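# Summary of structural features
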Amino acid sequence: MAYDAGRHWESIYRTKKPGELSWHQEKPETSLNLIVETGIERGAGIIDVGAGDSKLVDNLLDLGFRNITVLDVSPTALERAKKRLGSRADTVKWVISDVREFETGDRYDLWHDRAVLHFLANEEDVNNYVAVVRRVLKPGGYFIVSAFSLNGPKKCSGLDIRQYSEGTMKKLFSDFEHLKSFEEVHVTPWGASQMFLCSVFRKKPH
């Protein structure tokens, strides 16, 4: 694999507070809006991959979603999120895994990824990621992904990243129905701007 994701991200989450992480959002408005816009039911299976200690899960629970899986390679990140949620953490399925190696018998109605895919800089890792999405997403399921755009950073968290355009994202998921893509500026906790490409796809029914 291109890099030891477990070691890298565990080190990050052990040494930095939420407000010291460039991707931190107090409320992930765009992700929430995109998920709600799909119209999926509150009992639909949602997986948030590479979630870290994101507050997306808190907000999804607030909206009444009740079948949520949170995946990250860093145990420390997930423990942070569990501690923050308190007793509500018991209603969530927590998975410690590298998304490139993720195996499960579960199938999901929606896959959400904000800022994971762009860290997979080598072709094999990208292909593994795409294969996992295809395998675990139900026919008709939604794939929501946000990655650095061509106008975004070339490095993040000490790692080289892969930038995406609408064209390269559509090519990567050419067997999915492309619903929309748009660029969005994310402002880091210290005021820097990063340009993301947000895309929504739907897995075609068999």
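One structure accompanies this document, and this report is about it. A quick note: this is a predicted structure, and the numbers were derived from the prediction, not measured.

## Describing the overall build of the protein chain
Each helix and strand in the protein chain was counted, giving six helices and nine strands. Taking 206 residues into account, the globule formula puts the C-alpha radius of gyration at 17 Å, and the protein chain, at 16 Å, falls close to it. Across its three principal directions, the C-alpha atoms of the protein chain cover 45 × 40 × 30 Å. Within the protein chain, buried positions represent 52% of all 206 residues. When contacts within the protein chain are restricted to residue pairs at least 6 apart in sequence, those whose partners lie at least 24 apart make up 70%. Carbon and sulfur atoms provide 48% of the accessible area of the protein chain, an area that totals close to 9600 Å². Between the centroid of the 29 positive side chains of the protein chain and the centroid of its 29 negative side chains there is a distance of 1 Å.

## A closer look at the packing of aromatic side chains
Under the defined criterion, the tally for this structure stands at eight aromatic pairs. Their ring planes at 80° and their centres at 6.4 Å tell us that F143 and F176 sit as a pair that is edge-to-face. Linking F143 in strand 5 (residues 137-148) with F176 in strand 8 (residues 176-187), this pair joins segments that are 33 residues apart in sequence. Across the pair, exposure class does not vary: F143 and F176 are buried alike. On the basis of an interplanar angle of 40° and a centroid distance of 6.0 Å, the ring pair of F143 and F201 is categorised as tilted. Here F143 is found in strand 5, whereas its partner F201 is found in strand 9 (residues 193-203), with 58 residues between them in sequence.

## Some thoughts on the pattern of salt bridges
Evaluation of the coordinates by the stated rule reveals 13 salt bridges. Put simply, R88 and D62 hold a salt bridge, and the shortest N to O gap is 2.9 Å. Placement of the pair is R88 in the loop between helix 4 (75-85) and strand 3 (93-96) and D62 in helix 3 (residues 56-62), with a sequence separation of 26 residues. Since its relative accessible area comes to 32%, R88 is described here as partly exposed. Across the salt bridge formed by D106 and K93, the nearest N and O atoms sit 2.6 Å from each other.

## Some remarks on the side chain of H112
One can find H112 in strand 4 (residues 108-114). Judged by relative accessible area, which is 3%, H112 ranks as buried. Engagement of the side chain of H112 in a polar contact is seen with the side chain of S31, the distance being 2.8 Å. Among the polar contacts listed, one links the side chain of H112 to the side chain of D48, at a separation of 2.7 Å. If sequence neighbours within four positions are ignored, H112 has contacts with S31, I35, I47, D48, V49, L56 and I144.

## Considering the environment of G64
The residue G64 is located in the loop between helix 3 and strand 2 (68-72) in this model. C-alpha of G64 to C-alpha of K17: the two residues are 47 residues apart in sequence and 28 Å apart in space.

## Observations regarding the sheet that holds strand 3
Sheet strands associate in pairs through backbone hydrogen bonding, adopting either a parallel or an antiparallel arrangement. Spatial strand order, 3-2-1-4-5-9-8: seven strands in an open sheet with mixed pairing. Of all strands in the sheet, those with a lone pairing partner are strand 3 and strand 8, marking the two edges. This sheet shows a mean twist of 15° between the axes of neighbouring strands, independent of strand direction. Bridging between strand 5 and strand 9 involves seven bridges; their strand directions are antiparallel. Bridging across to strand 9, F148 finds its partner in F196. Against the sheet, helix 4 touches strand 2 and strand 3, its axis set at about 165° to strand 3.

Reading the values: rules and limits
Residues numbered from 1 in each chain as written. Predicted model: local features only at pLDDT ≥ 70, side-chain atom pairs only at ≥ 80, totals over all residues. Heavy atoms only, no water. Helix = DSSP H or I, 4+ residues; strand = E, 2+ residues; numbered from the N terminus. Rg over C-alpha atoms; globule rule 2.2 N^0.38 Å. Buried < 20%, exposed > 50% of the residue type's maximum accessible area, 1.4 Å probe, protein only. Contact = heavy atoms within 4.5 Å. Areas by Shrake-Rupley, 256 points an atom, 1.4 Å probe, with all protein chains shown as cover. Lys, Arg positive; Asp, Glu negative; His and termini not counted. Charge placed at Lys NZ, Arg CZ, Asp CG, Glu CD. Phe/Tyr/Trp six-rings, centres within 6.5 Å; stacked < 30°, edge-to-face > 60°. Salt bridge = Lys/Arg side-chain N within 4 Å of Asp/Glu carboxyl O. Polar contact = N/O pair within 3.5 Å; in protein donor to acceptor, adjacent residues only side chain to side chain. Pairing = 2+ DSSP bridges. Axes fitted to C-alpha atoms, helices over the stretch in contact; angles between N-to-C directions.

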